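Here is what each chain is made of, one letter per residue.
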Amino acid sequence: MSHDSKHAAHAHPSGATYLKVAAILTIITVIEVWAYYIPALVASPLFNPSLIIMSALKFAIVVLFYMHLRYDHKLFKALFTGPLIIAMGTIMALLFLFGKVAL
Amino acid sequence: MASHAHAATAGHADGHDAHEHHHYTTTGLDHRKIAIWAFIGSECMLFASLISTYLIYKGKSLVGPFPHTEYVNEAGKVFKPILDIPVTSASTFVLLMSSLAMVLALQAVQLKGTPLPTGAGLWKRLERSSQFWLGMTALLGATFLGFQAYEFTSFVHEGLTIKTNLFGSTFFTLTGFHGAHVTVGVLWLMTLLWIDRTRGLGPKDELIVDICALYWHFVDVVWIAIFTLIYLIQ
Amino acid sequence: MATIAQPTHAAHAGASAEQTGIWSWITTVDHKRIGTLYLWTALFFFLVGGLEAVLIRTQLMRPNMGFVSADTYNQLFTMHGTTMVFLAVMPLSAAFFNYLIPLQIGARDVAFPRLNAFSYWVYLFGGIFITLPILFKVAPDGGWFGYAPLTSNQFAPGPNIDFWVIGLQILGVSSLAAAFNFITTIINMRAPGMSLMRMPMFTWMSFVVQFLLILAFPPITVALFFLLMDRFFGTNFYAIAAGADPLLWQHLFWVFGHPEVYILILPAFGLVSEVLPTFSKKPLFGYNVMVYSGIMIGFLGFGVWAHHMFAVGMGPVADSIFSLMTMLIAIPTGVKIFNWIATMWSGEVRFTVPMKFAIALIAMFTIGGISGVMHSSPPADLQQTDTYFIVAHFHYVLFGGSIMGIFAGIYFYYPKMTGRFMHDGLGNLHFWLNFIGMNLTFFPMHFSGLYGMPRRIYQYDAGQGWDLFNMMSTYGTYLLVVATAVFVWNFIRSRSNGAVAPNDPWGAATLEWSIPSPPPEYNFAQIPEVTSRSPLWDLKDPERTAGIEHSHADAMTITDAHAVPMHEETERHTAKELGIPMPFPTAKPLFTAFGMCTMFSGLLFLRNDMFAVAMTVTLTGAAMLIGGLYAWFTAPLE
């Protein structure tokens, strides 16, 4: 790892980017809550998957921008994504074993 | 002989270690930042276990109140769906905004000492105030906890305690674990604010703000998952 | 930094005044001393767990013995398992993590020396907390797996399980804190040039184990927290009457429990991977594949847990998936076995005591591994589950694997730790008694198990074909007692009577052998620049390593211009003379650990509705914890 890339790791985005990210997060949250109040949407089979996707999107945005994972050392990406994959896999496996999701 | 550690300091004076003793590290990164990321990885498994349990027991409660559906007990008493989406949406928004405040606090600490461009407006000047943003993050975190306290007490008034049913046990434990994490975060932020007020935080202290920020954002993303999985999905 | 002149060499050859006495051990933050504390404490608990095994085996020697009561028997087998897993084998591995990791990667200490001391003290207090009740006959009695709802208030109303729940929660904190510490240490404190793919195999396996720890302990923490809430605050997590699922605990426990198996075995794999190349005078065969296999075992270890639960009836799909995953994990494990054999193949093998233990691990673990693959098949498992066949299997893995590996490590590293060899004759005696005793104890269990003898029964009737096998197992256990006595005698007397050992008594290849035995407090006077996997062989015997391709440094390594070429350090100084800053000794981690354990133990009083007492104890503990942390964080490290 050279010194150049180490300094690049500190090149965080500006305040304006943070505000834009906050705006996007707010918009997604508004859409989520709005959808919750439309019975036709709630009844749709796509409701749960789309909510989970929106939630995952928010999760990823915060991790990538606010936690700087997009800009930071690759080591941190590994330290976070490895455990995250195992955690998600465990949740899925448990839900399957308890008959909450079908294969 | 010359001290190895001191020689290493001279070799690696890359800006943020000029003020104090700094050890050579293999990656050039600080120990504490690696440790906090490993800790966050571990926390993923903690919340995965809690969330799994909540979802496994979802819909398995024998008596109400229930989260999304009405419940009538043997005596004919009606319990409305207990989750209060408007209030929780508000508290979710508050926690999201606290993440914004946190990231701006870190930026303010990093920028401290860099001269402001001439004719900088109010926002540019506010951007430099680490005390304002640290205080704001703590305040928003405390507001979130206030919402949670309100939610918990109103649930108890409506007849849902941690002993009532499986929903009560899993709900209060999961959100309680999260609330405990927020509480620790608020205390951590207040400690940073106190340090900032007493001796001032600057670019050299970037790391201690950074690790707190990472913890805080992680607590926020856990809530993003909880809000969708527990509150919105029925 | 100025060097402070010391008039005589004798003054710094021995330990200075501040380095001796009880207080120096209480306040130590030196990874080597903490490792030594772990070693002694864990060996003590190993004897306790062994004694419990002797009582169990004595009760089972003959049909319908009345040596102990059924109740005591339950406490004995519960505490035998709990002690061996959490208080003996894991901390014995931790002793080696502490002692060896910094030495193997060329560091002067771990990343967080005070956190390291904290981990040890939490382990000690947690161990005492969970062990003491057996003296008052109120020890945990629900098995080391503590299946809820059998451990909920309804079926276990006494305080026994309270000690278990709280004790394991305390011990979990110790393991987690240590794991964060070692992850950081291994990533960030490697000497210049020590790329990941140049790390000694023990450090690599330890690295994998630390990730298993940080990912496996949260599920058990959560499961224990649920049980604790159920027992003390009336929640419904395991309350079947309220609709709870009786399998929730089993799943959460085994999500932890299976990675835990690898937590117990991988450090031993790492130790023998140091011993075998040294005494074969050959580099480890297939280093890269050994690393990938270790990572693979760790990763797959999270996807096999439900094979502990085939008997509960999970359905054909789940059974098939977990069966296949379990068979899959035998591949990287088998790769390791073959690589060890290939390491010895055509090498100049020296059959020293550590080498014998290492070879015994290969053989015994293979037997345990094969019986393990047998019950990866659900139909076979349904015959074997909850019988002595399973007991035979996991004792071949844990005694034949972990304990053999740890003994190999103790005999191998004893000269490095103490500066003296353990006695060779006694070591050989120990090895053969141990080897024969182990097989005499556990091999017959395969038969008693297949003849249908269930686990955890405290009496059995004669004439079921089990009598002879039980008699054999019991005599085998007595042989193990003799073997262990020989070991303990050797371990203690060699500290002062053993032959003096030089820096590198075995002709090994890695960094820890380039410094004096025992290492000085600062470990390395000058941090060496590492250029290969076997730096000491490059230095002393370049011809042997000439044909081996030296791996390139990976991207995670930056080179420190001030590192010096590889060399042997023979002189012993003090850190002060060399101007090396060392962490201050401090009792704050001990105080903080004590506060935390006090806080947890306050819960015990809730059992008798002593709410005021519980609150007082818990709040006192919490105040000590917070005060300790505050004092700790505000005090400079060095």
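Residues numbered from 1 in each chain as written. Chains lettered and ligands numbered in written order. Predicted model: local features only at pLDDT ≥ 70, side-chain atom pairs only at ≥ 80, totals over all residues.

Participant: Describe the overall build of chain B, naming the residues involved and giving the relevant values.
Facilitator: Helices and strands together make up the secondary structure of chain B, namely 7 helices and 2 strands. Traced from its N-terminal end to its C-terminal end, chain B shows the element sequence α-α-β-β-α-α-α-α-α. Scaling as 2.2 N^0.38, a compact globule of 234 residues should have a C-alpha radius of gyration of about 17 Å, whereas chain B reaches 23 Å, well beyond that. Projected onto the principal axes, the alpha-carbon positions of chain B cover approximately 85 × 50 × 25 Å. A total of 234 residues make up chain B; the buried ones form 50% of that total. Residue pairs at least 24 apart in sequence account for 73% of intrachain contacts in chain B once pairs closer than 6 positions are excluded. (Helix = DSSP H or I, 4+ residues; strand = E, 2+ residues; numbered from the N terminus. Rg over C-alpha atoms; globule rule 2.2 N^0.38 Å. Buried ≥ 20, exposed ≤ 12 C-beta atoms within 10 Å, placed from the backbone. Contact = placed C-beta atoms within 7 Å.)

Participant: I'd like to hear about the overall build of chain A, residue by residue, with values.
Facilitator: Helix and strand content of chain A: 5 helices and 0 strands. Of the regular secondary structure in chain A, the N- to C-terminal order runs α-α-α-α-α. The buried share of chain A, taken over its 103 residues, is 29%. In chain A, the share of contacts with a sequence separation of at least 24, taken over all contacts with a separation of at least 6, comes to 55%.

Participant: Requested: an account of the interface of chain B and chain C, with residues and values cited.
Facilitator: On the side of chain C, 41 residues touch chain B, which itself brings 36 residues to the contact. Counting only elements with at least two residues in the side of chain B that touches chain C, the list comes to helix H1 (4-11), helix H2 (31-56) and helix H6 (166-199) of chain B. When residues in the side of chain B that touches chain C are grouped by element, the largest group, 13 residues, is from H2 of chain B. The class makeup of the residues in the side of chain B that touches chain C is 17 nonpolar, 17 polar and 2 charged. (Nonpolar A, V, L, I, M, F, W, Y, C, P; charged D, E, K, R; others polar.)

Participant: Let's hear about the packing of helix H4 (residues 70-105) of chain C against helix H13 (residues 388-418) of chain C: which residues, and what values?
Facilitator: A pair of packed helices is captured by two measures, namely the crossing angle of their axes and the spacing between those axes. Residues and elements named next belong to chain C. Where H4 contacts H13, the two axes come as close as 11 Å, and the packing angle between them is 35 degrees. Classified by chirality, the crossing of H13 by H4 is left-handed. Contacts between H4 and H13 involve Val89, Leu92, Phe96 and Tyr99 on the former and, on the latter, Leu398, Ser402, Ile406, Gly409, Tyr413 and Met417. (Axes fitted to C-alpha atoms, helices over the stretch in contact; angles between N-to-C directions. Left-handed = near helix turned anticlockwise from the far one by under 90°.)

Participant: Give me the confidence of the model for chain B: which residues, what numbers.
Facilitator: Residues and elements named next belong to chain B. Looking at chain B as a whole, its pLDDT mean stands at 89, while 90% of the residues score no less than 70. Taken as a whole, residues 1-21 scores under 50 in pLDDT and shows 34 contacts with residues more than four places along the chain or in a different chain. Interface predicted TM-score (ipTM) for the complex: 0.93; the corresponding pTM is 0.93. (pLDDT = per-residue confidence, 0-100.)

Participant: Summarise helix H7 (residues 206-232) of chain B; cite the residues concerned and give the values.
Facilitator: All names here are of chain B. For H7, spanning 27 residues, the distance from its first C-alpha to its last is 37 Å, which sits close to the expected 39 Å at 1.5 Å a residue. Along H7, the helix axis deviates most sharply at Ile226, where the bend reaches about 25 degrees. Here H7 lies mainly inside the structure; 21 of its 27 residues are buried. (Expected span 1.5 Å × (residues − 1). Bend = angle between axes of the 7 residues up to and from the residue.)

Participant: Before we move on, can you summarise the confidence of the model for chain A with the specific residues and values?
Facilitator: In this model, chain A carries a mean pLDDT of 87, and residues with pLDDT of at least 70 account for 87%. Per-element confidence in chain A is highest for helix H5 (residues 74-97) of chain A, whose mean pLDDT is 96, and lowest for helix H1 (residues 3-8) of chain A, whose mean pLDDT is 41.

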